[in-house]
Amino acid sequence: HAKVLSSIQKSLDIGYSPVKVNCVLMKGLNDDEILDFVNLTRDRNIDVRFIEYMPFDGNKWNDKKMMPFQDILGVIREEHPHFRKIEDAPNDTSKGYRVPGFKGQVGFITSMSNNFCGT
């Protein structure tokens, strides 16, 4: 954990901006860390991107670990009620959001609940 955070900071220090951090959310495994990831964007130009878990268990469909986009938004808005949508570039695969006053942003790659492909 400390090594990852240190590497993110070093990337910012040498000029990467933003630093993109991808996180696959899994219900019951790391969904308790959603706000920790969002709060990383408070003072740093970090683009945290939450990726919906694709619930394939071998050749079987298993959605017990999937946390849909709307549920993630709900968790964030409990702590940050003014969490808002920002404008996306035409070919973005993530839906961008920001907590007002935070330096970075949060994106959602909604591969399961709301696809991101326009074609």
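Anything mentioned here points back to the structure above.
The shown structure was predicted, so the numbers you read here are calculated from the model rather than taken from an experiment.

Some details on the environment of N39
Then, number 1: Mapping N39 onto the fold places it in helix α2 (residues 34–39).
Then, number 2: Judged by relative accessible area, which is 24%, N39 ranks as partly exposed.
Then, number 3: Taking the C-alpha atoms as reference points, N39 and V106, 67 residues apart in sequence, are found 9.8 Å from one another.
Then, number 4: Leave out the neighbours within four places in its chain, and N39 touches H80 and F102.

Some points on the side chain of K95
Then, number 1: Positionally, K95 belongs in strand β6 (residues 95–98).
Then, number 2: Although buried, K95 forms no salt bridge, and the nearest oppositely charged side chain, D88, lies 7.0 Å from it.
Then, number 3: Separated by 2.8 Å, the side chains of K95 and T110 make a polar contact.

Quick word on the pattern of salt bridges
Then, number 1: In the structure shown here, the tally under the stated rule is one salt bridge.
Then, number 2: Notably, a salt bridge pairs K85 with D88, separated by 2.4 Å at the nearest N-O pair.
Then, number 3: A relative accessible area of 38% places K85 in the partly exposed class.

Topic: the pairing of β6
Then, number 1: Relative to β6, strand β5 (residues 84–85) runs antiparallel, the two being bridged by two bridges. Paired with R84 across the bridge in β6 is R98.
Then, number 2: Linking β6 to strand β7 (residues 105–109), which pair antiparallel, is a turn of six residues; within it G101 sits at a positive phi near 90°.

Description of the sheet that holds strand β1 (residues 19–25)
Then, number 1: If you walk across this open sheet you meet the five strands as β1-β2-β7-β6-β5, and the pairing is mixed. The sheet is open, and its two borders are formed by β1 and β5, each paired with just one other strand.
Then, number 2: The pairing of β1 with strand β2 (residues 46–52) spans seven bridges and is classified as parallel. When the sheet's bridge partners are listed, V21 is paired in β2 with V48.
Then, number 3: Of the strands in this sheet, β1 and β2 touch helix α1 (residues 2–13), which is tilted by about 150° from β1.

So, how was this worked out
Residues numbered from 1 in each chain as written. Predicted model: local features only at pLDDT ≥ 70, side-chain atom pairs only at ≥ 80, totals over all residues. Heavy atoms only, no water. Helix = DSSP H or I, 4+ residues; strand = E, 2+ residues; numbered from the N terminus. Buried < 20%, exposed > 50% of the residue type's maximum accessible area, 1.4 Å probe, protein only. Contact = heavy atoms within 4.5 Å. Lys, Arg positive; Asp, Glu negative; His and termini not counted. Salt bridge = Lys/Arg side-chain N within 4 Å of Asp/Glu carboxyl O. Polar contact = N/O pair within 3.5 Å; in protein donor to acceptor, adjacent residues only side chain to side chain. Pairing = 2+ DSSP bridges. Axes fitted to C-alpha atoms, helices over the stretch in contact; angles between N-to-C directions.

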